[in-house]
Amino acid sequence: MELRLFDTYERKLRVFSPLDERKVKIYACGPTVYDHAHIGNLRTYLFEDLLKRTLIWNGYDVEHVINITDVGHLVSDGDEGEDKMEIGSKKSGMNAWELADFYTKTFKQDLERLNILSPDIWCKATDHIPEQIAFIEDLEKKDFTYRLEDGIYFDSRKLKSYGYLARLDIEGLKEGARVEAGDRRFLTDFALWKFSPEHSTRQMEWDSPWGKGFPGWHIECSAMSAKFLGDFFDIHCGGEDHIPVHHTNEIAQTEASRGTRLANFWMHGYFLRLDEAKMSKSSGTFLTLDALEDKGFDPLVYRYFCLGGHYRTQISFTQDGLQAAQTSLNRLYELAFGWGEPGKIHGPTLDSIRSDLNDDLAMPKALATIWRMVKSNLEPSAKKATLLEFDKVLGLNIDQWRPQKLDVPDKVRDLVKRRTQARRAKHWAEADAIRQEISALGYNIKDEGDETTILPQ
Ligand code: AMP
Ligand code: ZN
C-alpha cells in the first residue's frame, strides 16, 4: 500500500519511497538543553515517533538521528541576545556543561516515559565543533560568507533559492529591511560563527580560523546530518516554528556547500497551544511531564491525548481534554484486558487502519476506526489481536496493562464469593443476579476459568 506524506518543501502530499531501497534515514532537530522539555516540545517528538513507527509498520528499516543543541542557540532567532545555555547556567547555578548533561538526561527520560522509540544516534553540537568549522570553511571557499565585528555570517542573497521552504517573499523583505538587519548585509543573513565577547570568557568557546568563539545554531544540523546520514537523505523533521528560520538556514548552508536541499521530505509537527497562547520555554509558561504526573496523569495519557489530533493541526491543551483522554485510554485498557487471549487479526479493520495511517499519518481517523471495532460484535479474541497489532504504532503498551489493585468493599468481595459458589453449583440464574448486584455497586467482573477478577466500571 502506498504511503503518502505531506512535504513542506513541495507543499503537497507525495508518495514516499526511500532513497536507499528499504532503509529510511530521518533527522529530527533535537532540544536545546537549558531547561526541561515542555509538553509542546514533546508533542513534536511524539509526531516523529508516529512517523517512525508507521514507516517500520510498512516494513522499512529506519535510521533515526536526534541532535542535542548544547551551544549556540541564542535568545532571538535573529542571532542576537545571549546563548540560552549561558543564561540557563546563570539561573541554575550549574555550569553550562553540567546544565547540558542534566537536561539531556531528563529529555531522554521524558522520551522513554512516553514510550518514544530511541533514535539510533544521539549527537551533540559540542562534540562536533571541527565538523562545523570545516563546513563553514567550505562555505567561505565558495564565497557565501562575510565577516562582521561579532562573527562570520552567511550571505543569503548569494543563494538564489534562499527561503523557498518557507516561501519567503525576499523582494517584499527588501522594502524597509535595512534598519532591522543591523550590520548584516541583508535581513535574512545569519551567523555561522560568533566571536566570544572581547573582555569576558564564555564557558563554551573554541579556537577557529576566524577567532575564538562558538558556532551558530543552524550549522550544527547541516554538519551533523551530513556526517551521520549523508548530504541528501530521506526525511528531516521538527516543529512548525523551524520552517521560516532554522530549517530555511539549514537548507541554505547545505545547498550552498553540497548542492542538495538536504532532505527529500521536510515534515513539520504543529504546535501544542496552552490557553490559546504559543508555548515557549523562554516565556516561562510551560508544563512538563512531571507536572502532569503530579496531577495524576500517566505520561501515556499525554501520548494518547496527542494521538487524538492530526500532526498537521495545532491542538489546544486543556485539563478537560487530558481528562477525557485518560477516561478513553483506561476504558481501552480494561476492555482489551477483558478480551483475554488474542486470536486472529481482523483483516478489514487492519486494512482500514493502514489506509488511514498511510494517508499522511491520519491517526485520529485510525483511532475512530479502532473504536468502531471495539464497539462492534466482533469476537473478543479478534478485537484483541487487531488492537495489539495496531499498538505497534500507537505505542500504548496495551498488552502490559494490568488492573490496579482496587480498594474493593467487603460487601462486593462477599458477593463475588457467593457468585463463585453459585457458579460451581451451576446455579446460573443466581450467579447472574449476583453479577447485576455487583454491577449496581460500580464494579465489573471477569471470569477466566475458575478465577474471577474484579474491575472498576
Ligand atoms: P527547542 O528545545 O526549543 O529547540 O525545541 C525542541 C522542539 O520542540 C523543536 O522541534 C520545536 O520546533 C518544538 N516545539 C517548540 N515549541 C513547541 C510547541 N508549543 N508545540 C510543539 N512543538 C514545539
Ligand atoms: Zn536542526
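What this report covers is the structure whose coordinates are included nearby. Keep in mind that this is a model prediction, so the values were computed, not measured.

## Points about the site of ligand 1
- Residues in contact with ligand 1 amount to 18 residues; listed here are only the nearest, T32, G40, T44, D241 and L272.
- A total of 500 Å² of accessible area belongs to ligand 1 in isolation, and the protein chains cover 95% of it.
- Taken together, the elements giving at least two residues each to the shell around ligand 1 come down to α1 (39-57) and β10 (233-239).
- Element by element, the count of residues in the shell around ligand 1 is highest for α1, at four residues.
- Its residues assigned to classes, the shell around ligand 1 comprises six nonpolar, ten polar and two charged.

## Re the coordination of the zinc ion (ligand 2)
- Distances from the zinc ion (ligand 2) to its protein donors, C29 (SG), C221 (SG), H246 (NE2) and E250 (OE), fall at 2.1 to 2.3 Å.
- Around the zinc ion (ligand 2) sit four donor atoms; with metal-centred angles ranging over 77 to 131°, the donor geometry is irregular.
- Mapped onto the polypeptide sequence, the residues donating to the zinc ion (ligand 2) form the spacing pattern C-x191-C-x24-H-x3-E. Residue C221 is located in helix α7 (residues 217-229), and its partner H246 is located in helix α8 (residues 243-258); the two are separated by 25 residues in the primary sequence. Pair check on accessibility: C221 and H246 agree, each one buried.

## Quick look at the pattern of salt bridges
- By the definition in use, this model includes 23 salt bridges.
- D83 is the salt-bridge partner of R202, the closest N and O atoms lying 3.1 Å from each other. You can see R202 sitting in the loop between β8 (190-195) and β9 (213-215) and its partner D83 sitting in the loop between β4 (61-68) and α2 (84-92), a full 119 residues away along the chain. Taken as a pair, R202 and D83 share a single burial class, namely buried.
- With a shortest N-O distance of 3.6 Å, D447 and R435 are connected by a salt bridge. Of this pair, D447 sits in strand β15 (residues 443-448) while R435 sits in helix α16 (residues 428-440), placing them twelve residues apart in sequence.
- Accessibility expressed as a relative area gives 32% for R435, which makes it partly exposed.

## A closer look at the packing of aromatic side chains
- Scanning the entire structure with this criterion turns up 18 aromatic pairs.
- On the basis of an interplanar angle of 55° and a centroid distance of 5.0 Å, the ring pair of Y9 and Y164 is categorised as tilted. Linking Y9 in the loop between β1 (4-7) and β2 (12-15) with Y164 in the loop between β7 (151-154) and α5 (170-174), this pair joins segments that are 155 residues apart in sequence.
- Looking at Y164, the relative accessible area reads 37%, which means it is partly exposed.

Calculation notes
- Residues numbered from 1 in each chain as written.
- Chains lettered and ligands numbered in written order.
- Predicted model: local features only at pLDDT ≥ 70, side-chain atom pairs only at ≥ 80, totals over all residues.
- Heavy atoms only, no water.
- Near = heavy atom within 4 Å.
- Areas by Shrake-Rupley, 256 points an atom, 1.4 Å probe, with all protein chains shown as cover.
- Helix = DSSP H or I, 4+ residues; strand = E, 2+ residues; numbered from the N terminus.
- Nonpolar A, V, L, I, M, F, W, Y, C, P; charged D, E, K, R; others polar.
- Donors = N, O, S within 2.8 Å, 3.2 Å for Na, K, Ca; no water.
- Tetrahedral: all angles 85-135°; square planar, octahedral: opposite > 155°, others 65-115°.
- Buried < 20%, exposed > 50% of the residue type's maximum accessible area, 1.4 Å probe, protein only.
- Salt bridge = Lys/Arg side-chain N within 4 Å of Asp/Glu carboxyl O.
- Phe/Tyr/Trp six-rings, centres within 6.5 Å; stacked < 30°, edge-to-face > 60°.

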